Amino acid sequence: MTDNQKRDQFLDILEKNIGILIKIAGGFSRTQEDKEDLINDITLELWKSFGSFRGESKISTWIYRVALNTSMNYKRKSEKGKLLFLDDLKQPENLSWIIQQEDQSDSEILYKCVDELNDLNKAIILLYLDSNSHEEISKITGISKTNVATRIARIKEQIRNMALTKI
Amino acid sequence: MELTELQELWYQYDKKISENTRLNREILRLMLLSKPQRRFNWIKIWSGFSIFSPVVFIIGLFILNVQFYISITFYIGLAMFLPVYTITYIWDIQYFKLIRKIDFSMPILTLRKEIAQLEKCKIKKTRLRYLLMPFAMTGFILMIIHSFKFSLNFISLIPLYLMILVFLSSMYITFKYSIYERFKKLNKEIDGIEKLEKE
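Residues numbered from 1 in each chain as written. Chains lettered and ligands numbered in written order. Predicted model: local features only at pLDDT ≥ 70, side-chain atom pairs only at ≥ 80, totals over all residues.

Section: the overall build of chain B
When its secondary structure is counted, chain B shows 8 helices and 1 strand. Along chain B, helices (α) and strands (β) appear in the sequence α-β-α-α-α-α-α-α-α when read from the amino end. Counting only contacts in chain B whose residues sit at least 6 apart along the sequence, the fraction spanning at least 24 positions is 89%. (Helix = DSSP H or I, 4+ residues; strand = E, 2+ residues; numbered from the N terminus. Contact = placed C-beta atoms within 7 Å.)

Take a look at the structure:
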């Protein structure tokens, strides 16, 4: 496969799954600028690992893993004393390659509900909301299926309580 | 708010995204072509550099034209310097190997564990380096000095005092800022992850 073909194949995959990137990045960033920067980071991480993707898992599983891992590390980047994995010298970039007419208010309510969950629970609930099965969530996170079910039940309760106090 | 309501909102949001989002493939293509090269990963580069540090060290010795005087002092110095250098080099290799294992397409928990192990390794490496560095430095000085003359003249000892001062302050700052706390926290994190994996 030539470089161009590889790039085209990647762009096709990205085009079909761009929603995953937008939704995950939204859950792990506070500002629009952060979100755009994070989508760029995820895209580049996906591109970097595309060559080593052997198709052993579903494409969506691979995308979710890279997106969530990048998002969790992106958060780490701004926390003091943690490891920096991504280039911390780069400037925030404009997300000019996504043409989107998004109403911010819709997503704000959604993300407000999951914002106070810890990273792992946030990842689980975002995957759950995106209609992933318990088995799929287990494959993406590395947590057993039983544990996923238990956690989802706990998160439901947490969200209900949070909603009572916040929304 | 119930999770079902949240789910409903989510479906609507998802629908909106798929209806309203288009990619500008040309701009994205250009980004993929240009950005990865610019996105240096300094930790990887630095750890890669430390693998070649013996070569850099030897080249440095040639450039600075460092003269060794083969005498008893030289062998004592060598006996102090070489083991320390070898131990720290082995740790550098370990660290480099761990860094190479980091892959963002791993399951979340596995990656978290790898990152925690990496941080732990970094802390161990730093601690070891600080503890052994005085021996390596003394060893190196013994290897290059011609004869060992000891003078108690304050002025001539200033460079030595300064070296000790810089070293001690750096050691104090590194250890004071919770190196042990971080270590304990990391161990706890790794235990937690292992427990989660087994459950």
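Observations concerning the overall build of chain A
Across its full length, chain A holds 7 helices and 1 strand. Going residue by residue from the N terminus, the α and β elements of chain A occur as α-α-α-β-α-α-α-α. Put simply, chain A has 167 residues, and 35% of those count as buried. Contacts in chain A between residues at least 24 apart in sequence constitute 62% of all its contacts with a sequence separation of at least 6. (Buried ≥ 20, exposed ≤ 12 C-beta atoms within 10 Å, placed from the backbone.)

Regarding the domain arrangement of chain A
Residues and elements named next belong to chain A. When the domains of chain A are assigned, the result is domain 1 (1-101) and domain 2 (103-167). Contacts between the two partners involve 10 residues from domain 1 and, on the opposite side, 12 residues from domain 2. Listed by contribution, the elements that provide at least two residues to the side of domain 1 that touches domain 2 are α1 (3-27) and α3 (59-78). If you tally residues by element for the side of domain 1 that touches domain 2, the top one is α3, at 5 residues. For the side of domain 1 that touches domain 2, a count of residues per class yields 4 nonpolar, 4 polar and 2 charged. (Domains from an automatic or database assignment. Nonpolar A, V, L, I, M, F, W, Y, C, P; charged D, E, K, R; others polar.)

Considering the nonpolar core
Residue and element names in this part refer to chain A. In terms of nonpolar packing, the biggest core is built from 51 residues, with Leu21, Ile24, Ala25, Ile42, Ala67 and Leu127 touching the most fellow members. Two domains share this core, each providing at least three of its residues, namely domain 1 (1-101) and domain 2 (103-167). Apart from residues lying up to four places away in sequence, Ala25 is in contact with Lys35, Leu38, Ile39, Ile42 and Ser71. (Core = buried A, V, L, I, M, F, W, Y, C linked by C-beta atoms within 7 Å.)

Things to note about the confidence of the model for chain A
Low-confidence regions, as indicated by low pLDDT, have predicted coordinates that should not be scrutinised in detail. Residues and elements named next belong to chain A. With 78% of its residues at a pLDDT of 70 or more, chain A shows a mean pLDDT of 81. Highest mean pLDDT in chain A belongs to helix α6 (residues 134-141) (93); lowest belongs to strand β1 (residues 98-100) (68). pLDDT under 50 marks residues 80-92. Its contacts with residues more than four places away, or in other chains, come to 20 contacts. (pLDDT = per-residue confidence, 0-100.)

Topic: the packing of helix α5 (residues 72-101) of chain B against helix α6 (residues 108-144) of chain B
A pair of packed helices is captured by two measures, namely the crossing angle of their axes and the spacing between those axes. All names here are of chain B. For the pair α5 and α6, the least separation of the axes is 8 Å and the interaxial angle reads 165°. Classified by the angle between their axes, α5 and α6 sit roughly antiparallel to one another. As for the relative orientation of α5 and α6, their crossing is left-handed in sense. Its residues placed into classes, the contact of α5 with α6 shows 21 nonpolar, 7 polar and 5 charged. (Axes fitted to C-alpha atoms, helices over the stretch in contact; angles between N-to-C directions. Parallel < 35°, antiparallel > 145°, perpendicular 65-115°, else oblique. Left-handed = near helix turned anticlockwise from the far one by under 90°.)

A short note on unusual backbone geometry
All names here are of chain A. The residue Ser131 is not glycine, and still its phi comes out positive at about 65°. Tracing the sequence through the fold places Ser131 in the loop between α5 (119-129) and α6. Overall, Ser131 belongs to the exposed group, with 11 C-beta atoms counted inside 10 Å.

As for the environment of Gly77(B)
Residue and element names in this part refer to chain B. Positionally, Gly77 belongs in helix α5. Put simply, Gly77 and Thr138 are 61 residues apart on the chain and 7.0 Å apart in space, counted from C-alpha to C-alpha. In this structure Gly77 touches Gly139, Phe140, Leu142 and Met143, once residues within four positions along its chain are discounted.

With respect to α6(B)
All names here are of chain B. In a regular helix each residue adds 1.5 Å, so 37 residues correspond to 54 Å; α6 covers 51 Å between its end C-alpha atoms and thus fits that length. Roughly 45° is the biggest bend found in α6, and it falls at Leu132, with proline Pro134 one to four residues downstream. Among all positions in α6, only Ile108, Leu111, Arg112, Lys113, Ile115, Ala116, Leu118, Glu119, Gly139, Leu142 and Met143 are buried. (Expected span 1.5 Å × (residues − 1). Bend = angle between axes of the 7 residues up to and from the residue.)

Focus: α5(B)
Taking 1.5 Å of rise per residue, 30 residues should cover 44 Å, and α5(B) covers 44 Å from first to last C-alpha, within 8% of that figure. Along α5(B), the residues classified as buried are Gly77(B), Met80(B), Val84(B), Tyr95(B) and Ile99(B).

Quick word on the packing of α5(A) against α6(A)
All names here are of chain A. The interhelical angle for the contact between α5 and α6, taken along N-to-C directions, is 140°, at an axis separation of 10 Å. Like other packed secondary-structure pairs, α5 and α6 cross with a definite hand, here right-handed. In this structure, α5 contributes Ala123, Ile124, Leu127 and Tyr128 to the contact, and α6 contributes Ile137, Ile140 and Thr141. Counted by class, the contact of α5 with α6 contains 6 nonpolar, 1 polar and no charged residues.

Considering the environment of Ile190(B)
All names here are of chain B. Residue placement: Ile190 occurs in helix α8 (residues 179-198). Taking the C-beta count within 10 Å as the criterion, Ile190 has 16 such neighbours and is therefore assigned partly exposed. For the pair Ile190 and Ile144, spaced 46 residues apart in sequence, the C-alpha to C-alpha distance is 45 Å. When near neighbours in sequence (up to four residues on either side) are disregarded, Ile190 contacts Lys113, Ala116 and Gln117.

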